[in-house]
2 protein chains.
Amino acid sequence: MRILMSGYGTVGRGFAEVLEKRSKFLEERFGKENLPRIVCVMDSKTVARDPAGLDMKALEERKLRTGKVGDESYSDSVAVIDSVGFDLLVEVSPTDIKDGGAGLRNIRRALERGKDVITVNKGPLALCFGELIDLAVENECKLKFEGSVGGAMPIINLCHNNLAGENIRSIKGIFNGTCNYILSKMDNGQPFEQALKEAQQRGYAETDPTNDIEGFDAAAKVTILANSVFHRNVTIRDVRITGISSITPDAIALAASRNMVIRLIGEVSETKLEVSPRLVPKGHPLAIGGTINTAMIDADLAGPITVYGRGAGRIETASAILGDLLSVMDDRIGKKHSK
Amino acid sequence: MRILMSGYGTVGRGFAEVLEKRSKFLEERFGKENLPRIVCVMDSKTVARDPAGLDMKALEERKLRTGKVGDESYSDSVAVIDSVGFDLLVEVSPTDIKDGGAGLRNIRRALERGKDVITVNKGPLALCFGELIDLAVENECKLKFEGSVGGAMPIINLCHNNLAGENIRSIKGIFNGTCNYILSKMDNGQPFEQALKEAQQRGYAETDPTNDIEGFDAAAKVTILANSVFHRNVTIRDVRITGISSITPDAIALAASRNMVIRLIGEVSETKLEVSPRLVPKGHPLAIGGTINTAMIDADLAGPITVYGRGAGRIETASAILGDLLSVMDDRIGKKHSK
């Protein structure tokens, strides 16, 4: 299983680390001859390649020392993809929710070539889901994206596999840990600006926090759920989005006086597609504090199912990629030791 | 896909209803020729059979009118199993956690004959898990039991499939809705006896509530998790069990004065196997009230993942059987329309 990895930031590094950590497990499950090996890594400007499998420790050292994964620079990532022999693209380049960026071009190209794709890149999925799924079906390959919604919180594959027989009526959830952290701090009396600053200091929020606090990140996630779970054909532009930047301490205090909190809730169903701050009663499953993500799935037979998990983090997001990798390899190779 | 159903109580009826509700979905997924049909149903004394597929509406009417599923009586369920041509046993006879009862004999026999088995019967799994899994592996058939732990709450297949790459360090949870209902009522000042009576009136507790309130039901479930998720080789006799019948209003009040509640917690890890009442801080994921089940999974890469779902109920438990059925049929037949 030859892996081409486009993107070598936090998540890409985490994934390389997870592959190394699980090498024995993977060998037991699929056999030494099928061990996944990373044959090509692209960062934003350079590429490293070795058909026999890259030495990822050496690559990491080089990246730390020089800021580049390799000596070979490139201008067109699609041309790189076309020049590499691989079985699976792991697309972990930065999310671009304006036009999908290189991630979209990479995924499109890999699928056109009949290669399986695992991604946590929300941009391509929130903009061109239908096109990409059609490409995957046409070329008989897999497109997996568990980590794109809720990080390590199980949601996509849970709905697709475990709940395959359910009619899912709606999913409501907290899909942005940064906003939830800020709102929880505001519950304790902090004004918005101060809570945001603390989120930035702790590394939860970017220097430019727009995508988080204006609700775009959560909107990308509900868009992915709308397409993948509800089989709708929508893009992020179809989401009714209200962010949290105009939430005042007064609004928080008023909510508290009624035993409520304000949370940024994403909701998706056959007819709904919305991200907005809402009043939630204290003690309600969606009234959680901190950076955890949560989703309440309303299923017609099973009833309500709620999941909580870490929505971000290097190893956590990589763990979702590992889950998708196992699923792809189970299908392609089969487990050696199945029970 | 010919189904033999042993047991025709609440869950069996629910499953027949769910199969009917999902007939169009199943036809689209697997094709008309592969539609599951129930070719044999056993209740405790009689059997109904039709190789072409039983008319389940007529069977239900007969059961309501006469108390029997058929005119043919039997004494040995294994002999019935041997006389029927089928592909899948759905074992939903009543749980017997003393010696496994007919359910154990039925499952054993079906696996010996190389037939797939789906069960929600905790007795056989809590007593003879290792033997049954070995039989399944030896005879190359599936043994699925999602509904045996937590009803519609996803847990077994979640750990086996979605979290297949994780080292799961522990699972702690609320696995008995009856106890949780009683303890939540006691939080509001009701004494144990009165809370139990109310649980019985609402149909949450049996006339003989021993299995629930003494912790045996929860113990069977942690045993199943110990064997299936942690690959231990244990039976219900290995569980340290303390029930809730000796919890006093004073203990509840003392806990409340420290901002805690008392909950019956099952815990399982590589070294732990326990069911006992524990102090849980209010606001903690395990401090929930009502009849919901919950499990906190501590995974080494993903971090903590918590799930909530309905732990019992006719259609809810049947929905877990449907999930297992889809998984078995996906493996055996393949989806016609896969994405």
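Note that the structure is predicted; figures quoted are calculated from it, not measured.

K.L.:
Can you walk me through empty space enclosed by the protein in this structure?
P.N.:
Take a probe with the size of a water molecule and roll it over the atoms, and the empty space left behind shows itself. All names here are of chain A. In total, this model carries one cavity of 30 Å³ or more according to the counting rule given. By volume, the largest cavity amounts to about 110 Å³. With three residues, helix H13 (residues 314-332) is the largest single contributor of residues to the lining of the largest cavity. The class makeup of the residues in the lining of the largest cavity is five nonpolar, five polar and two charged.

K.L.:
Just checking my understanding: could you explain the packing of aromatic side chains for this structure?
P.N.:
Describing an aromatic ring pair means giving the distance of the ring centres and the angle of the ring planes. Counted by the stated rule, this structure contains five aromatic pairs over all chains. With 5.6 Å between their ring centres and 70° between their planes, A:Tyr308 and B:Tyr308 make a pair best called edge-to-face. Highlighted residues: A:Tyr308 in strand E13 (residues 303-310) and B:Tyr308 in strand E13 (residues 303-310), drawn from two different chains. Here the aromatic rings of B:Tyr181 and B:Tyr204 are separated by 4.9 Å at their centres, their planes lie at 70°, and the arrangement is edge-to-face. With B:Tyr181 in helix H8 (residues 177-187) and B:Tyr204 in the loop between helix H9 (192-201) and helix H10 (210-213), this pair connects stretches of sequence that are 23 residues apart. We classify B:Tyr204 as partly exposed; its relative accessible area is 33%. Looking at A:Lys115, its charged tip hangs above the ring of A:Phe86, at a distance of 5.6 Å from the centre.

K.L.:
What is the right way to read the pairing of strand E8 (residues 168-174) of chain B from this model?
P.N.:
The side chains of a regular strand alternate between both faces of the sheet. All names here are of chain B. Among the seven residues in E8, five count as buried, and that is most of the element. Sheet topology note: the E8/strand E12 (residues 292-299) ladder contains six bridges and is antiparallel. Its bridge partner lying in E12, isoleucine 171 is registered against isoleucine 297. In this structure, E8 lies alongside strand E10 (residues 260-269), joined through four bridges in antiparallel fashion. Pairing of glycine 173 across the sheet is with glycine 266, part of E10.

K.L.:
Whenever I open this one, the pairing of strand E3 (residues 46-49) of chain A confuses me. Can you help?
P.N.:
Residues and elements named next belong to chain A. Where strand E2 (residues 37-42) meets E3, three bridges bridge the pair, whose relative direction is antiparallel. Residue pairing across strands places cysteine 40 opposite arginine 49, the latter belonging to E3. Counting the residues between successive antiparallel strands, the hairpin from E2 to E3 contains three residues. Where E3 lies against strand E4 (residues 72-73), two bridges are found, and the strand directions are antiparallel. Across the sheet, valine 47 pairs through a bridge with glutamate 72, a residue of E4.

K.L.:
Help me understand the interface of chain A and chain B in this model?
P.N.:
Interface size is often expressed as the accessible area that is lost when the parts come together. Each partner contributes to the interface: chain A provides 34 residues, whereas chain B provides 34 residues. The junction of chain A with chain B conceals about 2,800 Å² of combined surface from both sides, 58% of it contributed by carbon and sulfur atoms. Connecting chain A to chain B are two salt bridges. In this structure, the salt-bridge partner of A:Asp300 is B:Arg22, at a minimum N-O distance of 2.7 Å. Scanning the region where chain A abuts chain B turns up nine residue pairs in polar contact (both at pLDDT 80 or more). Of all the secondary structure elements, the ones that give two or more residues to the side of chain A that touches chain B are helix H1 (10-21), helix H2 (23-30), helix H6 (122-138), helix H7 (156-162), E13 and H13 of chain A. When residues in the side of chain A that touches chain B are grouped by element, the largest group, eight residues, is from E13(A). Looking at side-chain class alone, the side of chain A that touches chain B contains 17 nonpolar, nine polar and eight charged residues. Strand direction decides the pairing type here: E13(A) and E13(B), joined by three bridges, are antiparallel. Across the sheet, residue A:Thr306 finds its bridge partner in E13(B), namely B:Tyr308.

K.L.:
Would you take a moment to explain helix H3 (residues 56-66) of chain A for this structure?
P.N.:
Counting along an α-helix, one turn takes 3.6 residues, and residues three or four places apart therefore face a common direction. Residue and element names in this part refer to chain A. Three or more residues of H3 are buried, namely Met56, Leu59 and Lys63. Burial along H3 is one-sided: seen end-on, the buried residues are contained in an arc of 55°. Exposed and facing more than 90 degrees away from the buried side of H3 are Lys57, Glu61, Leu64 and Arg65. Between the side-chain oxygen at the start of H3 and the backbone nitrogen of lysine 57 there is a gap of 3.1 Å, and the oxygen is on aspartate 55. Downstream of H3 by a residue or two, glycine 67 has a phi angle that is positive, lying close to 80°.

K.L.:
Sorry if this is basic, but what is going on with the packing of helix H6 (residues 122-138) of chain B against helix H11 (residues 216-228) of chain B here?
P.N.:
Packed helix pairs are characterised by how far apart their axes lie and by the angle those axes make with each other. All names here are of chain B. At their nearest, the axes of H6 and H11 sit 9 Å apart, and the two run at 50° to each other. The orientation of H6 relative to H11 falls into the category oblique. As for the relative orientation of H6 and H11, their crossing is left-handed in sense. Together, Lys122, Leu125, Ala126 and Phe129 of H6 and Asp217, Ala220, Lys221, Thr223, Ile224, Asn227 and Ser228 of H11 make up the contact between the two elements. Among the residues forming the contact of H6 with H11, the class breakdown is five nonpolar, three polar and three charged.

K.L.:
Looking at this model, I keep getting lost on the sheet that holds E4(A). Mind explaining?
P.N.:
Adjacent strands of a sheet pair through backbone hydrogen bonds, lying either parallel or antiparallel. Residue and element names in this part refer to chain A. Strand order in the open sheet formed by seven strands is E4-E3-E2-E1-E5-E6-E7, with mixed pairing between adjacent strands. The open sheet has two edge strands, E4 and strand E7 (143-144), and neither has a second partner. Bridge analysis of strand E5 (residues 88-91) against strand E6 (residues 116-119) gives four bridges, and the strand direction is parallel. Residue pairing in the sheet places leucine 89 in a bridge with valine 117 of E6. Of the strands in this sheet, strand E1 (2-6), E2 and E3 are in contact with H3, which crosses E2 at around 20°. Sheet strands touched by H13: E1, E5, E6 and E7. Its angle to E6, the strand with the most contacts, is close to 165°.

K.L.:
Sorry, what's going on with the sheet that holds strand E10 (residues 260-269) of chain A here?
P.N.:
Taken together, the twelve strands give an open sheet; going across it, the order is E9(A)-E11(A)-E10(A)-E8(A)-E12(A)-E13(A)-E13(B)-E12(B)-E8(B)-E10(B)-E11(B)-E9(B), and neighbouring strands pair in mixed fashion. Looking at which strands have only one partner, the edges of the open sheet turn out to be strand E9 (240-241) of chain A together with strand E9 (240-241) of chain B. Where helix H12 (residues 249-257) of chain A meets the sheet, it contacts E10 and strand E11 (273-281) of chain A, and its direction lies at approximately 95° from that of E10(A).

Rules of the game
- Residues numbered from 1 in each chain as written.
- Chains lettered and ligands numbered in written order.
- Predicted model: local features only at pLDDT ≥ 70, side-chain atom pairs only at ≥ 80, totals over all residues.
- Heavy atoms only, no water.
- 1 Å grid on protein atoms, 1.4 Å probe; cavity = no way out; pocket = protein on both sides within 12 Å on 5 of 7 lines; lining within 4 Å.
- Points joined across faces, edges and corners; volume = space filled by probe spheres on them.
- Helix = DSSP H or I, 4+ residues; strand = E, 2+ residues; numbered from the N terminus.
- Nonpolar A, V, L, I, M, F, W, Y, C, P; charged D, E, K, R; others polar.
- Phe/Tyr/Trp six-rings, centres within 6.5 Å; stacked < 30°, edge-to-face > 60°.
- Buried < 20%, exposed > 50% of the residue type's maximum accessible area, 1.4 Å probe, protein only.
- Lys NZ or Arg CZ within 6 Å of the ring centre and 35° of its normal.
- Pairing = 2+ DSSP bridges.
- Contact = heavy atoms within 4.5 Å.
- Buried area = accessible area lost by both parts, 1.4 Å probe.
- Salt bridge = Lys/Arg side-chain N within 4 Å of Asp/Glu carboxyl O.
- Polar contact = N/O pair within 3.5 Å; in protein donor to acceptor, adjacent residues only side chain to side chain.
- Arc of directions from axis to C-beta.
- Axes fitted to C-alpha atoms, helices over the stretch in contact; angles between N-to-C directions.
- Parallel < 35°, antiparallel > 145°, perpendicular 65-115°, else oblique.
- Left-handed = near helix turned anticlockwise from the far one by under 90°.

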